[in-house]
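Structural overview
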Amino acid sequence: MSNYLLKRVLMMFLTLWIIVTLTFSLMHAIPGNPFASESDQLPEQILANLRAKYHLDEPLPVQYVMYLKNLVSLDLGPSIKSDSRSVNDMIADGFGASAWLGGQAIVVALIFGVLFGIIAALNRNRALDYIAMALAVLGVAVPSFILAPLLINYLAIKLPLFPVATWGTWMHTVLPSLALAFGPIAIITRYMRASMIEVMNQNYIRTAEAKGIPTPLIVIKHGIRNAILPVITFLGPLIASLITGTFVVEKIFAIPGIGKYFVDGIFNRDYPVILGTTIFYSAILIVTIFLIDIAYSLIDPRIRLTKKEG
Amino acid sequence: MKEHLLSIENLKVNFKTYGGEVQAVRGVTFHVEKGETVAIVGESGCGKSVTAQAIMGLIPNPPGRIVDGKVVFEGTEISKLPKKELLGIRGTQIGMVFQDPMTALNPTMKVGAQIVEGFVRSQKVSREEAKKRAIEMLRLVGIPDPEQRVDQYPHQFSGGMRQRVVIAIALACNPKLVIADEPTTALDVTIQAQILDLLKQLQEEQELAVVIITHDLGVVAEIAHRMVVMYAGMVVETGTVEEVFANPRHPYTWGLMRSLPRLDESEKQRLIPIEGAPPDLFNPPVGCAFAARCDFAMEICKQQMPPTKTFDKGHEAACWLHDERAPRIDELVAAGRQDS
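These figures come from a predicted structure and were not determined experimentally.

A tally of regular secondary structure across chain B gives 12 helices and 12 strands. Taking 20 Å as the expected radius of gyration for a compact globule of 340 residues, we find that chain B reaches 21 Å, a close match to that expectation. With the C-alpha coordinates aligned to their principal axes, the bounding extent of chain B is approximately 70 × 50 × 45 Å. For chain B, long-range pairs separated by at least 24 residues make up 63% of all intrachain contacts whose partners lie at least 6 apart in sequence.

What follows is the structure, encoded as structure tokens:
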């Protein structure tokens, strides 16, 4: 087991290094530079000084090595555009809000998605199933930038239950969390329905019926654990993308999360921000996938982590 | 009349499909006494398994439903019981052994927990008692090291061992009746013999009544006291195993017997198959369902259902050949030989 963990952690660092290298080279391959918008206003000497300050005048391999050196000491470097703050500061300031929203959204999505999926599966081809599936199609089809204003309009303005936007109390988190959870609820419902239908047709469910176990207990004790693996698989990337913030929902609700840095960084060619946010996202994704793999083996005893890696 | 442990009277089960309604079971009557093993024999699709599921109330509805007839267990008409009361009978009074042990166990639950699940529910026992019971059951069905095995998962068991676990599940609540639906079909031959021996031994020790469903006459001869031969959703012949094997009365049973290899045939002899296929149960024939494949079919066979005639020792067969007006069978056999 410890052997497996060691191997796994090494693989994780290797993956991260490849991502850093790819991002670094792609980033420098796209045209433009952090000072492109100022280049016709500022004298050449100032631009040269600026470039020198951020070591952009050095050859790329030198910059790459310097960046890696800083990265090893967990320093993601300064932001070029907002020079008073480092990338570390940006993530430290914004991640709390983003992760809180994302976390809430995941919990809501998981509970309701699994619940709706089970209800749909048990009432297959009946009214409840059709309702759940119609909602699921809606959930996949309606983008969050439509859903969020709708939620604000109905639950904050017409019926002033929640604040319209900004960040502060827990009440502020409800609408953005719902907006974030809607799509995932729909996807989880569909996954759960499909795998629950399959599981409920398995012979071991009939064995349980023959033991005289009532249907609700069969679903809880025999159904869910066997049916939830596809949902867990989907959960990995979902967790990573939700807790690292989403540009659209955070923008609409004026939430000080980290979602905007992902987009702004690219627009501004703010090299350290691009690299920093990418690394941060990747690291969370890699760790989540690792945790999901562990969850697999806890849920299904046939999956053993220590076996040869496939 | 003496009360049977289980009696099935004129049971009819239909299944709705897109192509219409299939009459899977078309009026089955038989009974099982306490401590007796009854085999239901017949080819695929003749309604054996559906009959078994109907006894347990396990017919999926929709698409299936019991159209007519009743299942009476210890004087209670269980086919009419509300689901809640039926749950009290399943597992505790009637246990079921399924065909495919590879899929009949929940892969994510320890075998011990699966064995005593029904027991814990009906007896409200503590955890330690439940575990003790699970170990006891594993020992009963002949699994070595039950103390360790009880905490393992099904994938750590071989096919034969899993079938033993399935049997342990069926027996965990001391039922009076066990229904075994082709319990050995999915196993290799040596394991088949072991499982049959186990069933036979348990049946004798626990004074169980067993309904065993099979298409293997070897299994019937090995384990059963009485047998019920089914064809196209109906019973064509019943009787003690000795009687039916020695004096089969229905042409379908003759066909089954002739299609078996025999050890006492000195010369190499080809097995004789029953030509043709069973009738379409969407639209079953008005007369005897076997008439179309029967070497001895007469005009009446195609027009009217044969009555059930009783012979010695409760031996019954439903065939027109046993009508007084029918020609004697040896004449027909002679005629049949001349034809071919």
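Within chain A, the regular secondary structure consists of 13 helices and 0 strands. From first element to last, N terminus to C terminus, chain A shows the α and β order α-α-α-α-α-α-α-α-α-α-α-α-α. Dimensions along the principal axes, computed over C-alpha positions, put chain A at roughly 85 × 60 × 30 Å. Sorting the 310 residues of chain A into buried and exposed places 34% on the buried side. Long-range contacts, defined as pairs at least 24 residues apart, comprise 73% of the intrachain contacts of chain A with a sequence gap of at least 6.

Turning our eyes to something else, we now look at the UniProt feature "transmembrane region" (unreviewed entry) in chain A. In the numbering adopted here, UniProt assigns the feature "transmembrane region" (unreviewed entry) to residues 99–122, 134–157, 169–188, 227–249 and 279–299 of chain A. Annotated as 90% helix and 0% strand, the span residues 169–188 of chain A places its first and last C-alpha atoms 29 Å apart.

What follows deals with the interface of chain B and chain A. Listed per partner, the contact involves 22 residues of chain B and 18 residues of chain A. Taken together, the elements giving at least two residues each to the side of chain B that touches chain A come down to helix H2 (83–89) and helix H3 (111–123) of chain B. Per-element accounting of the side of chain B that touches chain A gives the leading share, 3 residues, to H3 of chain B. Considered class by class, the residues forming the side of chain B that touches chain A number 10 nonpolar, 8 polar and 4 charged.

In the numbering used here, UniProt assigns the feature "domain: ABC transmembrane type-1" (unreviewed entry) to residues 95–296 of chain A. As annotated, residues 95–296 of chain A has a helix share of 82% and a strand share of 0%, and its two end C-alpha atoms lie 27 Å apart.

Bringing unusual backbone geometry into the picture now. The phi dihedral of Thr-166 of chain A falls on the positive side, at around 70 degrees, and the residue is not glycine. In this structure, Thr-166 of chain A sits in the loop between helix H6 (144–158) and helix H7 (171–200). The backbone of Asn-10 of chain B shows a phi angle near 50 degrees, a positive value even though the residue is not glycine. Within the element layout of this structure, Asn-10 of chain B appears in strand E1 (residues 6–17). Judged by the 12 C-beta atoms lying within 10 Å of it, Asn-10 of chain B is exposed.

Residues and elements named next belong to chain B. Within helix H1 (residues 48–56), 9 of the 9 residues are buried, which leaves the element mostly enclosed by the surrounding structure. When we look at burial in H1, the residues that qualify are Lys-48, Ser-49, Val-50, Thr-51, Ala-52, Gln-53, Ala-54, Ile-55 and Met-56. Positive backbone phi, approximately 70 degrees, marks Gly-57, located one or two places after H1.

Moving on to the nonpolar core. Of all hydrophobic cores here, the largest spans 146 residues; its most connected members are Ala-168, Ile-179, Val-211, Met-230, Tyr-231 and Val-236 of chain B. Each residue touching Tyr-231 of chain B, except ones within four places of it in the same chain, is listed here: Gly-42, Cys-46, Val-236, Tyr-252, Ala-289 and Phe-290 of chain B.

UniProt marks residues 6–257 of chain B with the feature "domain: ABC transporter" (unreviewed entry), using the numbering shown here. In the segment residues 6–257 of chain B, helix accounts for 39% and strand for 28%; the C-alpha atoms at its two ends are 28 Å apart.

In this model, helix H4 (residues 87–122) of chain A (36 residues) spans 49 Å end to end at C-alpha, consistent with the 52 Å of a helix rising 1.5 Å per residue. At Phe-95 of chain A, H4 of chain A shows its maximal bend, which comes to roughly 40 degrees.

All names here are of chain B. Strand E7 (residues 177–181) sits mainly inside the fold: 5 of its 5 residues count as buried. Side chains Leu-177, Ile-179 and Asp-181 of E7 all project onto a buried face; the interleaved residues Val-178 and Ala-180 project onto the opposite face, where all are buried too. Sheet analysis places strand E6 (residues 94–97) next to E7, joined by 4 bridges and oriented parallel. Its bridge partner lying in E7, Gly-95 is registered against Val-178. The pairing of E7 with strand E8 (residues 209–214) spans 5 bridges and is parallel. Note on E8: the bridge partner recorded for Leu-177 is Ala-209. Considered for its hand, the β-α-β crossover made up of E7, helix H7 (residues 189–206) and E8 is right-handed.

The next subject is the environment of Ala-179 of chain A. Residue and element names in this part refer to chain A. Considering the arrangement of structural elements, one finds Ala-179 in helix H7. Each C-alpha atom of the pair Ala-179 and Ile-146 lies 9.3 Å from the other, and the pair is 33 residues apart in sequence. With near-sequence residues (within four places) excluded, Ala-179 lies in contact with Ser-144, Leu-147, Ala-148, Leu-151 and Val-249.

Residue and element names in this part refer to chain B. Strand order in the open sheet made by the 4 strands is E2-E1-E4-E5, with antiparallel pairing throughout. Both edges of this open sheet fall to strand E2 (20–32) and strand E5 (76–77), since each of them pairs with a single strand only. For E1 and strand E4 (residues 64–73), the ladder comprises 8 bridges, and the chain directions are antiparallel. Bridge pairing in E4 links Asn-14 to Arg-65.

Our next topic: the sheet that holds E6 of chain B. All names here are of chain B. Taking strand neighbours across the sheet as the criterion, the 8 strands line up as E6-E7-E8-E3-E9-E10-E12-E11 in an open arrangement whose pairing is mixed. Two strands lie at the open edges of the sheet, namely E6 and strand E11 (308–310), each paired on one side alone. With direction set aside, neighbouring strand axes in the sheet form an average angle of 20 degrees. Two strands pair when backbone bridges link them, and E11 and strand E12 (residues 316–318) are joined in this way by 3 bridges, in the antiparallel orientation. The residue bridging Thr-310 from the neighbouring strand is Glu-316, located in E12.

So, on to the packing of helix H1 (residues 2–29) of chain A against helix H13 (residues 271–299) of chain A. In a packed pair of helices, the relevant descriptors are the angle between the two axes and the axis-to-axis distance. Residue and element names in this part refer to chain A. For the pair H1 and H13, interaxial distance at closest approach is 10 Å and the crossing angle is 155 degrees. Classified by the angle their axes make, H1 and H13 are roughly antiparallel. Here H1 and H13 pass one another in a crossing that is right-handed. Here Arg-8, Met-12, Thr-15, Leu-16, Ile-19, Val-20, Thr-23, Phe-24 and Met-27 of H1 come into contact with H13, specifically with Tyr-271, Ile-274, Leu-275, Thr-278, Ile-279, Ser-282, Ala-283, Ile-286 and Phe-290. Tallied by class, residues from the contact of H1 with H13 come to 13 nonpolar, 4 polar and 1 charged.

About the criteria used
- Residues numbered from 1 in each chain as written.
- Chains lettered and ligands numbered in written order.
- Predicted model: local features only at pLDDT ≥ 70, side-chain atom pairs only at ≥ 80, totals over all residues.
- Helix = DSSP H or I, 4+ residues; strand = E, 2+ residues; numbered from the N terminus.
- Rg over C-alpha atoms; globule rule 2.2 N^0.38 Å.
- Contact = placed C-beta atoms within 7 Å.
- Buried ≥ 20, exposed ≤ 12 C-beta atoms within 10 Å, placed from the backbone.
- UniProt positions renumbered as here; feature names shortened; annotations may be inferred.
- Nonpolar A, V, L, I, M, F, W, Y, C, P; charged D, E, K, R; others polar.
- Core = buried A, V, L, I, M, F, W, Y, C linked by C-beta atoms within 7 Å.
- Expected span 1.5 Å × (residues − 1).
- Bend = angle between axes of the 7 residues up to and from the residue.
- Pairing = 2+ DSSP bridges.
- Right-handed = clockwise from strand over helix to strand, strands pointing away.
- Axes fitted to C-alpha atoms, helices over the stretch in contact; angles between N-to-C directions.
- Parallel < 35°, antiparallel > 145°, perpendicular 65-115°, else oblique.
- Left-handed = near helix turned anticlockwise from the far one by under 90°.

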